[in-house]
Amino acid sequence: MKRVDKKEALELLKLPLSELGRLAFERKRELHPDKITTFVVDRNINYTNVCWVDCKFCAFYRHKKDESAYILSFEEIGRKIEELIDIGGTQVLFQGGVHPNLKIEWYEELVEWISKHYPTITIHGFSAIEIDYIAKISKISTKEVLERLQSKGLYSIPGAGAEILSDSVRDIIAPKKLDADKWIEVHENAHNIGMKSTATMMFGTVEKDDDIIEHWERIRSLQDRTGGFRAFILWSFQNQNTALKAEFPDIKKQSSNRYLKLLALSRLFLDNFKNIQSSWVTQGSHIGQLALMFGANDLGSTMMEENVVAAAGMAHRMSQDEMIRLIRDIGEIPAKRDTAYNILEFYK
Ligand code: SF4
């Protein structure tokens, strides 16, 4: 398939959803001819909600002195992991706010403690902004942070914090957050030490279509250099309880049409990404299912616990049985996978 360039992408976006969806579905079938749709059983653990970054689109964070500020103890984290193991889970997605005081030693101890006590659990955690700040406060490089956490058992890093990789957008919605170059650099560093990651994008704030294409160009080009992204995940801004909604009251909730069009176009543009996840957490289970007809090949995670999107007013839930049912319903074969997309179990 010929690579889609920026001009073509903008033209493709003008197509009706049905046509764009058909192209994306054809591409998905080329990459995934076996009709298998995967999912992972995991749990988000937000180890702290304390954060100094103050992203305007975020309703989750608290400042250190706020009454509802917390840091989970290792014992509390352990209890959550045990509940996950009880339902057959394999992965924890560790993400926090960016706590102003936690240094590399705290993270090393945490990762080592989990690896030792729960060896069957894969630790997928700490987004680029967390890694970048741990490096700053510990006075070491981001590469050293990644190497030290990898040696304690960190397996891969999530793509969170990418939002839109265009500084003109980031300067408005998250001015204190790391810039686009730094986000790319952290992921490139991870890939270069053999640590995989995922790439994400949050749309629906103040970005233009050009910014979205710029985002895709940046991650496609890093994927060309390293091949280190396992998947791409796209979600829409959830506006309740956010400073951004107060500052820009005209920002509207994104339509399902827009979500599915961008998802389909991402399948065509990101020609070097094998896996694209559907975001049922922000779109709901039925649009999440439809996304499988528009380029997605993975239903993401059962997400036993989710706090960040829920804080912004969206609280969809989906059990493993429901995922299996929705996948079968569109004529595909459900399969539970691990973090590396190896199949663990089929549900024929
Ligand atoms: S999105 Fe993350 S970095 Fe930004 S304020 Fe929320 S918790 Fe902090």
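Structure first, text after, so check above.
All values reported here derive from a predicted model rather than from experimental measurement.

Draft legend 1. A look at a negative patch on the surface. On the surface, Asp5, Asp210, Glu214 and Glu217 cluster together to form a negatively charged patch. Within the secondary structure, Glu214 is located in helix α9 (residues 209-226). Note on Glu214: relative accessible area 32%, which makes it partly exposed.

Draft legend 2. Here's a closer look at helix α4 (residues 104-117). Given a rise of 1.5 Å per residue, 14 residues ought to cover 20 Å, and the 20 Å separating the end C-alpha atoms of α4 matches this to within 8%. Ile104, Trp106, Tyr107, Glu108, Leu110, Val111 and Ile114 are the residues of α4 that are buried. Where α4 is buried, its residues meet α3 (74-86), β3 (91-94), β4 (122-125), α5 (128-138), α6 (142-152) and β5 (154-157).

Draft legend 3. Summary view of the pairing of strand β10 (residues 333-337). The element β10 is extensively covered by neighbouring structure, given that four of its five residues are classed as buried. Judged from the four bridges that link them, strand β1 (residues 36-40) and β10 form a sheet pairing that is parallel. The partner of Ile36 across the bridge, within β10, is Ile333. As defined by bridge partners, β10 adjoins strand β11 (residues 343-346) across three bridges and the pair is classed as antiparallel. By the bridge assignment, Lys336 is partnered in β11 with Glu345. Counted along the chain from β10 to the antiparallel partner β11, the turn is five residues long, and its residue Tyr341 has a positive phi close to 70 degrees.

Draft legend 4. The side chain of Arg43, seen in detail. Within the fold, Arg43 resides in strand β2 (residues 42-45). Here the side chain of Arg43 touches Lys80 through a polar contact of 3.1 Å, landing on its backbone oxygen. Side chain to side chain, Arg43 and Glu83 meet in a polar contact 2.7 Å long.

Draft legend 5. Just unusual backbone geometry, in detail. Of note in this structure, Phe126 is not a glycine but carries a positive phi near 70 degrees. Examined against the element boundaries, Phe126 turns out to sit in the loop between β4 and α5.

The rules behind the values
- Residues numbered from 1 in each chain as written.
- Predicted model: local features only at pLDDT ≥ 70, side-chain atom pairs only at ≥ 80, totals over all residues.
- Heavy atoms only, no water.
- Patch = residues over 30% accessible without salt bridge, like charges linked within 9 Å, V, L, I, M, F, W, Y side chains within 5 Å.
- Areas by Shrake-Rupley, 256 points an atom, 1.4 Å probe, with all protein chains shown as cover.
- Salt bridge = Lys/Arg side-chain N within 4 Å of Asp/Glu carboxyl O.
- Lys, Arg positive; Asp, Glu negative; His and termini not counted.
- Charge placed at Lys NZ, Arg CZ, Asp CG, Glu CD.
- Helix = DSSP H or I, 4+ residues; strand = E, 2+ residues; numbered from the N terminus.
- Buried < 20%, exposed > 50% of the residue type's maximum accessible area, 1.4 Å probe, protein only.
- Expected span 1.5 Å × (residues − 1).
- Contact = heavy atoms within 4.5 Å.
- Pairing = 2+ DSSP bridges.
- Polar contact = N/O pair within 3.5 Å; in protein donor to acceptor, adjacent residues only side chain to side chain.

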